Amino acid sequence: MTRDSGSDPAPPADRLDRGVVWLWRLQALIGAVVALVAGRALAGALHGAPAVLVTIVPPVVGLLAAVVWPELRWRRWRIEVREAELDVRHGAFTVRRTLVPMRRVQHVDSSADVLERLFGLATVTVHTAGGAIGLPGLRDARAGRLARRIAELARVDD
Amino acid sequence: MTERWRRFHPAAIVFHAAQALGGLALPLVIAMVGGGGLTSVLGWGLVGVALAVAAGAVRWSTNRWRVTATEIGHTSGWLNLKERSVPLARVQSLDAVRGPVQRLLGVVTVHVQTAGGGRSGEIVLSALTPADLAALQAAAGVGETAASDAVHQRLSGGALLVAGVTAGSASLLVAVAAGAAQLGQQVFRPDESQQELAALRRLLPGDVGGWVLAAAALLALAWGLGVLGTLVAFSGFTVTRDADRLRITRGLLSRRESAIPVARVQAVRVVEGVLRQPFGLAALRVDVLGAGAEPPANQTLFPLLRRADVGAVLGELLPEHAGAATGLTPVPRRAARRYALVPTLLGLGLGALGWAFVTAVGPWALALGPAGALVPSGRERMFA
């Protein structure tokens, strides 16, 4: 179901909601803080260069992940719901293009954890017999509409 | 049928609380034992139960379900919200479970299965009234019909007993063998502190006869557990073919009623376990998408029948799949060489390694070779 998007001229039409960039930044920052604390704790047991490394590297990587990566990811994420299929492109480094035929959709979840709710966002997960694909960063109302629409299109008998 | 979002029957609080109590069990036991004294044990017990009931009530109050003309919906969660929607056209089976507690409270737990993974149902409706269940079954197209041509098969008491006796749960045997091996290693490690082991050794049989007796007792125990498990799972087993659905009822303590649309059956299996082959007995299973991870009991179409009757029984219950039940040919005789060779070589290799590293075992380890060729396995035939 996955294929390379490089040769495909028309990406799926819809973007995620912009707020998800800040959600991803917040998540990366939380990760960076955890890494900083863990690094400090570990540094106490080490000496010299390794101690400095475990203190500095994790938060720096975390900060980079908070600044650059969410933007890249957001630009790449595209969704389009068509009558017969769900078309998704995503991935900051490895670009994935996923086509899910509606007749293969088994059920649809929409979920919002505490952080997502802080930003008024939700994730819609589409389950097939072979796996699931999550569509993050959708405003509450839009997530509800999308989940309903996919469930409706999936109603055809297989 | 209703389109409103509704809570489960309040009895769901009991089930959710029981689940919560299961999660709390370890810290509670530690607190109980650590505190010392009867009052502390009782106190922590009360705290645990109170916490579990509170958690159950919160879960009950945050769960909603509905069934519309086209889908089954379920929302849950307090901090992390979750909504799931299953199109009725995608329902693989509806399982209604009535355990002792459910029967006491007059409710039923319903598992809605789709082909999309997951060990239990994709939606678990903890407590519905029988009227809710009927509405749900009607909406999913697996409701009770007054069809006069319904075919009914039930497992007789005698057959149930035979099914239990010949169940031969291989996994139990493996568990028992592993436990015995572990014990043996503990006892025969020579450099461990002798005094502690001396007491343990006194409990162990002193001669070969004693060991054989102990092994036989363990095997008998495993076999007895297998019999018991079969009796509990398949007591009162009935299967009904009713228009385009299969309806299976089974279970001693917990009655489980599964409704499977016939169109959802991917394949039928005839499983002949080791203990059943000599008597020409077999069990029938159905393969339904998404149920692969479920325990075999949930996939059973009929727990015990004569191999010769498979065609006839299938012809009544699932004529769609009956054709392929006959005319299966075994692999050619000369293939036997190949079948025996690989396990033998593998066993010899392992045996040689064992000889090299665990010198105490000696060349006896090489006996693994021929043993490998004799690895017993259930004969399984499948046809779509």
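Before any of the text, the structure's been laid out above.
Owing to the predicted nature of the structure, the values given are computational and were not obtained by experimental measurement. (Residues numbered from 1 in each chain as written. Chains lettered and ligands numbered in written order. Predicted model: local features only at pLDDT ≥ 70, side-chain atom pairs only at ≥ 80, totals over all residues.)

A few words now on the overall build of chain A. Assigned secondary structure in chain A consists of 5 helices and 7 strands. N-terminal to C-terminal, the α/β element order of chain A is β-α-α-α-β-β-β-β-α-β-β-α. For a compact globule of 158 residues, the expected C-alpha radius of gyration is about 15 Å, and chain A comes in at 19 Å, more than 25% above that figure. Along the longest, intermediate and shortest principal axes, the C-alpha atoms of chain A span 65 × 35 × 30 Å. For chain A, contacts bridging at least 24 residues in sequence account for 56% of all contacts bridging at least 6. (Helix = DSSP H or I, 4+ residues; strand = E, 2+ residues; numbered from the N terminus. Rg over C-alpha atoms; globule rule 2.2 N^0.38 Å. Contact = placed C-beta atoms within 7 Å.)

Moving on: the overall build of chain B. The helix and strand tally for chain B stands at 12 helices and 14 strands. The long-range fraction of contacts in chain B, counting pairs at least 24 apart against all pairs at least 6 apart in sequence, stands at 58%.

Tracing the sequence through the fold places V95 of chain A in the loop between β3 (85-90) and β4 (96-101). Residues V95 of chain A and W77 of chain A, 18 residues apart in the sequence, show an inter-C-alpha distance of 9.3 Å.

Bringing the pairing of strand β12 (residues 281-288) of chain B into the picture now. Residues and elements named next belong to chain B. Counting buried residues in β12 gives 7 out of 8 residues, a clear majority hidden from the surface. As defined by bridge partners, strand β11 (residues 265-272) adjoins β12 across 6 bridges and the pair is classed as antiparallel. Residue pairing across strands places R269 opposite R285, the latter belonging to β12. As judged from the 4 bridges shared by β12 and strand β13 (residues 300-306), these two strands associate in the antiparallel manner. From the neighbouring strand, A282 faces β13, where its bridge partner is L305. (Buried ≥ 20, exposed ≤ 12 C-beta atoms within 10 Å, placed from the backbone. Pairing = 2+ DSSP bridges.)

The 6 strands lie next to each other as β7(A)-β6(A)-β5(A)-β3(B)-β2(B)-β1(B), forming an open sheet whose pairing is antiparallel. The sheet terminates laterally at β7 (131-139) of chain A together with β1 (64-67) of chain B, the two strands that pair on one side only. Taking the axes of each pair of neighbouring strands and ignoring which way they run, one obtains an average angle of 15° across the sheet. (Axes fitted to C-alpha atoms, helices over the stretch in contact; angles between N-to-C directions.)

Residue and element names in this part refer to chain B. Spatial strand order, β6-β5-β4-β10-β9-β8-β7: 7 strands in an open sheet with antiparallel pairing. What marks the edges here is a single partner per strand, and that holds for β6 (123-128) and β7 (151-154). Each adjacent strand pair in this sheet contributes to an overall mean axis angle of 15°, direction not counted. Two elements, strand β9 (residues 245-250) and strand β10 (residues 255-261), share 6 bridges in a ladder whose sense is antiparallel.

Turning to the interface of chain A and chain B, a few remarks are in order. Between chain A and chain B, the contact holds 17 residues from the first and 19 residues from the second. Elements supplying a minimum of two residues to the side of chain A that touches chain B: β5 (105-112), β6 (121-128) and α5 (140-153) of chain A. Top element by residues in the side of chain A that touches chain B is β5 of chain A. It accounts for 7 residues. Its residues assigned to classes, the side of chain A that touches chain B comprises 7 nonpolar, 6 polar and 4 charged. (Nonpolar A, V, L, I, M, F, W, Y, C, P; charged D, E, K, R; others polar.)

Right, let's talk about helix α4 (residues 130-139) of chain B for a bit. All names here are of chain B. Taken residue by residue, α4 has D132, L133, L136, Q137 and A139 as its buried positions. Angular distribution of buried residues about the axis of α4 spans 160°; they occupy a single face of the element. The exposed residues of α4 that point more than 90 degrees off its buried face are P130 and A131. Buried positions along α4 lie against β1, β4 (93-98), β5 (108-113), β6 and β10. Residue G141 follows α4 closely and has a positive phi angle near 75°. (Arc of directions from axis to C-beta.)

Okay, the pairing of β5 of chain A next. Residues and elements named next belong to chain A. Burial analysis of β5 places 8 of its 8 residues in the buried class, which makes it a mostly covered element. The pairing of β5 with β6 spans 6 bridges and is classified as antiparallel. Within β6, the position partnered with D109 by the bridge is T125.

Once that is clear, we can look at the nonpolar core. Counting 59 residues, the largest nonpolar core has L94, V110, L128 and L284 of chain B as the members making the most contacts within it. Counting 27 residues, the second largest nonpolar core, distinct from the first, contains L23, L86, L138 and I150 of chain A. (Core = buried A, V, L, I, M, F, W, Y, C linked by C-beta atoms within 7 Å.)

Below, the discussion takes up the packing of helix α1 (residues 19-43) of chain A against helix α2 (residues 48-67) of chain A. All names here are of chain A. As a packed pair, α1 and α2 sit with axes 8 Å apart at the nearest point and diverge in direction by 180°. Relative to α2, α1 is oriented roughly antiparallel. Residue-level contacts link R25, A28, L29, G31, A32, A35, L36, G39, R40, L42 and A43 of α1 to A51, V54, T55, P58, P59, G62, L63, A65 and A66 of α2. Of the residues belonging to the contact of α1 with α2, the class tally is 14 nonpolar, 4 polar and 2 charged. (Parallel < 35°, antiparallel > 145°, perpendicular 65-115°, else oblique.)

All names here are of chain A. Running from amino to carboxyl end, α1 crosses helix α3 (residues 69-76) at an angle of 145°, the nearest separation of the two axes being 9 Å. For the pair α1 and α3, the crossing hand works out as right-handed. Along its contact with α1, which presents V20, V21, W24, R25 and A28, the element α3 presents W69, P70, E71, R73 and W74. (Left-handed = near helix turned anticlockwise from the far one by under 90°.)

Distances and angles like these do not, on their own, reveal function.
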